[in-house]
Amino acid sequence: MKKPLLILFFGAIICLNSFAQLSQQARDSINRLSSEDHQLMMKRLGITSLRPGPSGNPSAPNAANSDESKASPYTGLPDPLIFEDGSTVKNAMDWEKRKAEIAGHFDEEIYGQLPKNIPGVTWLVIQERDSLIGDFPVKVKYLKGQVDNSGFPAIEVAIDLTVTTPATSSKPVSMVLEFGWNFPAGFQRPAQVGPSWQEQVLAQGWGFAIIIPTSFQADSGAGLRAGIIGLVNKGEPRKLNDWGTLRAWAWGASRAMDYLETDPNVDSKRVVIEGLSRYGKAALVAMVDEPRFAMGLIGSSGAGGAKIYRRVFGEQVENLASSGEYHWFTPNFIKYAGPLTPNDLPVDAHEMIALCAPRPVFISVGSPEVEGNWIDAKGMFVAGVHASPVYELLGKKGLPTNEFPPIKTNLDSGEIAFRQHEGGHTVGPNWPYFIEWAKRYFGKEI
Ligand code: GCU
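Residues numbered from 1 in each chain as written. Predicted model: local features only at pLDDT ≥ 70, side-chain atom pairs only at ≥ 80, totals over all residues. Heavy atoms only, no water.

- An unreviewed UniProt entry annotates the protein chain as Acetylxylan esterase originating from Algoriphagus lacus.

Shown next, in the form of structure tokens:
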């Protein structure tokens, strides 16, 4: 097989399966193609070596730091309320201008530029059926967002989306839109204790939608010449400030929002974007990119999401810039793992939260005992603290304290909420708290 074909082939495979379910041979090929693309980007950046990231295995000799006393105090955290020329942001009008400065850096150095020539999407309802989730009768629509590929027919792209609304509701309902994992047929989901988040949402009279990010952009460097990124680039490698998969996934969520606006069962003014882990990072990018999302539930997003990049605790920029994760970001980001350092970043994660203001954002994380320290709960809390002045400038409330709270403390008095639950790498135990908080904004609907 010729190389572009091979890349398209693997792009397709990765779209269909999650990495862990692939054969060893397929995984090796994905790793090899990812490394080749990573090397190419390094070459174009003029970089010959990178600092290696610490290990996620706590018992490894080079384990990531999990000792708070060694989480060296980061310096030079950019102040979201100071313009680059040193003047102060005094009001909402100033903030609009400052926002453009901040967003410009995230585009150029971290998540990549949103292309100007992204082809259009046509939504098709593939199937519609009545179903029952727990005790709730629902209407489920299976949709495909067909991307116009007339500019480069060799690459086909479609977005998978399901939309579930209460069958009994006579008016448009609030929604949670989740970035969902693509579990292969036969996959055993972990046993559910208590009602699922979907049942909890339905109990409020809300609906939910699930978008499958890997249906339109694979989760690997090997997939970058296929999917929506590959289609826009006509199968060529990325330019140094091109978008990464996080921004591409967020773009898909915006297209899902286009559909939701047309669905008579949905109140598109009240849509929450939610995701966990890498999809928590994507949910934060989607909140920033898409003003139509009313609220964000950002689950265990960690490094590359809501965690301060400069903090030496848990996952580091060096991990994100490696061949296994660099595809989430723009190629330019790689240089912060050598020769530059995270302290050279013109922005930090607190400013991503600030860019969501004044809309409500709930930052969720698990317990270090169960989830581990890789995610860095405190790094995300601190980001919320440093985003709070922006919310306050806009007449809203940020976090109520600068002190990192004990686990299970529900900091939900403002538009930035933070809660560390007792469980592992899931939003699970935080759903009831999120729903109570969100109800203040959405009202009770039953
Ligand atoms: C890895 C990665 C994290 C990511 C996580 C996930 O642990 O280092 O950045 O959030 O995978 O998505 O599950």
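1. Some words on the site of the ligand
For step 1, the next point in the chain: Close to the ligand lie Ser277, Arg278, Lys281, Glu315, Glu325, Trp328, Trp374 and His425.
For step 2, the next point in the chain: Residue Arg278 places a side-chain N or O atom 2.5 Å away from an oxygen atom belonging to the ligand.
For step 3, the next point in the chain: Contact distances for the ligand include 2.7 Å between an oxygen atom and a side-chain N or O atom of Glu325.
For step 4, the next point in the chain: In isolation the ligand exposes 320 Å². Once the protein is present, 81% of that is buried.
For step 5, the next point in the chain: In terms of residue class, the shell around the ligand is made up of 2 nonpolar, 2 polar and 4 charged. (Near = heavy atom within 4 Å. Polar contact = N/O pair within 3.5 Å; in protein donor to acceptor, adjacent residues only side chain to side chain. Areas by Shrake-Rupley, 256 points an atom, 1.4 Å probe, with all protein chains shown as cover. Nonpolar A, V, L, I, M, F, W, Y, C, P; charged D, E, K, R; others polar.)

2. What about helix H3 (residues 92–111)?
For step 1, the next point in the chain: Three or more residues of H3 are buried, namely Asp94, Trp95, Arg98, Ile102, Phe106, Asp107, Glu109, Ile110 and Tyr111.
For step 2, the next point in the chain: Buried residues along H3 sit against helix H6 (245–262), helix H7 (278–289), helix H9 (350–356) and helix H11 (377–393).
For step 3, the next point in the chain: Within two residues after H3, Gly112 carries a phi angle of roughly 95°, on the positive side. (Buried < 20%, exposed > 50% of the residue type's maximum accessible area, 1.4 Å probe, protein only. Helix = DSSP H or I, 4+ residues; strand = E, 2+ residues; numbered from the N terminus. Contact = heavy atoms within 4.5 Å.)

3. Here's the deal with the side chain of Glu109
For step 1, the next point in the chain: In this structure, Glu109 sits in helix H3.
For step 2, the next point in the chain: Here Lys335 takes part through its side chain, which lies 2.9 Å from a polar atom of the side chain of Glu109.
For step 3, the next point in the chain: Residues within four places of Glu109 in sequence aside, it is in contact with Thr330, Asn332, Phe333, Lys335, Tyr336 and Pro346.

4. Observations regarding the pattern of salt bridges
For step 1, the next point in the chain: Tallied over the entire structure, the rule returns 26 salt bridges.
For step 2, the next point in the chain: Residue Arg32 is joined to Glu36 by a salt bridge in which the shortest nitrogen-to-oxygen separation is 3.3 Å. Here Glu36 and Arg32 lie together in helix H2 (residues 24–45), a separation of 4 residues that amounts to about one turn.
For step 3, the next point in the chain: You can call Arg32 partly exposed: its relative accessible area is 41%.
For step 4, the next point in the chain: Looking at Glu36, the relative accessible area reads 32%, which means it is partly exposed.
For step 5, the next point in the chain: Lys335 is paired through a salt bridge with Glu109; the nearest N and O atoms lie 2.9 Å apart. Taken together, the residues span a long stretch of sequence, with Lys335 in the loop between helix H8 (317–320) and H9 and Glu109 in helix H3 at a distance of 226 residues. (Salt bridge = Lys/Arg side-chain N within 4 Å of Asp/Glu carboxyl O.)

5. Re the pairing of strand S8 (residues 361–365)
For step 1, the next point in the chain: Among the 5 residues in S8, 5 count as buried, and that is most of the element.
For step 2, the next point in the chain: Here S8 shows a buried face lined by Val361, Ile363 and Val365 and a second buried face lined by Phe362 and Ser364.
For step 3, the next point in the chain: For strand S7 (residues 295–299) and S8, the ladder comprises 4 bridges, and the chain directions are parallel. Bridging from a neighbouring strand, Leu297 pairs with Phe362 of S8. (Pairing = 2+ DSSP bridges.)

6. Considering H6
In an α-helix, one turn spans 3.6 residues, which is why side chains three or four residues apart end up on the same side.
For step 1, the next point in the chain: Between its first and last C-alpha, H6 extends 26 Å over 18 residues, near the 26 Å set by a 1.5 Å rise per residue.
For step 2, the next point in the chain: The element H6 is extensively covered by neighbouring structure, given that 15 of its 18 residues are classed as buried. (Expected span 1.5 Å × (residues − 1).)

7. Re the sheet that holds strand S6 (residues 266–276)
For step 1, the next point in the chain: Spatially, the 9 strands line up as an open sheet ordered S1-S2-S3-S5-S4-S6-S7-S8-S9, and their pairing is mixed. The open sheet terminates on both sides in strands that have one partner only, identified here as strand S1 (121–133) and strand S9 (416–420). Across this sheet, the average inter-strand angle for adjacent strands is 20°, counted without regard to direction.
For step 2, the next point in the chain: By the bridge criterion, 5 bridges tie strand S3 (residues 158–166) to strand S5 (residues 207–212) in an arrangement that is antiparallel. Paired with Val163 across the two strands is Ala209, which belongs to S5.
For step 3, the next point in the chain: Where helix H12 (residues 431–442) meets the sheet, it contacts strand S4 (173–179), S6, S7, S8 and S9, and its direction lies at approximately 170° from that of S7. (Axes fitted to C-alpha atoms, helices over the stretch in contact; angles between N-to-C directions.)

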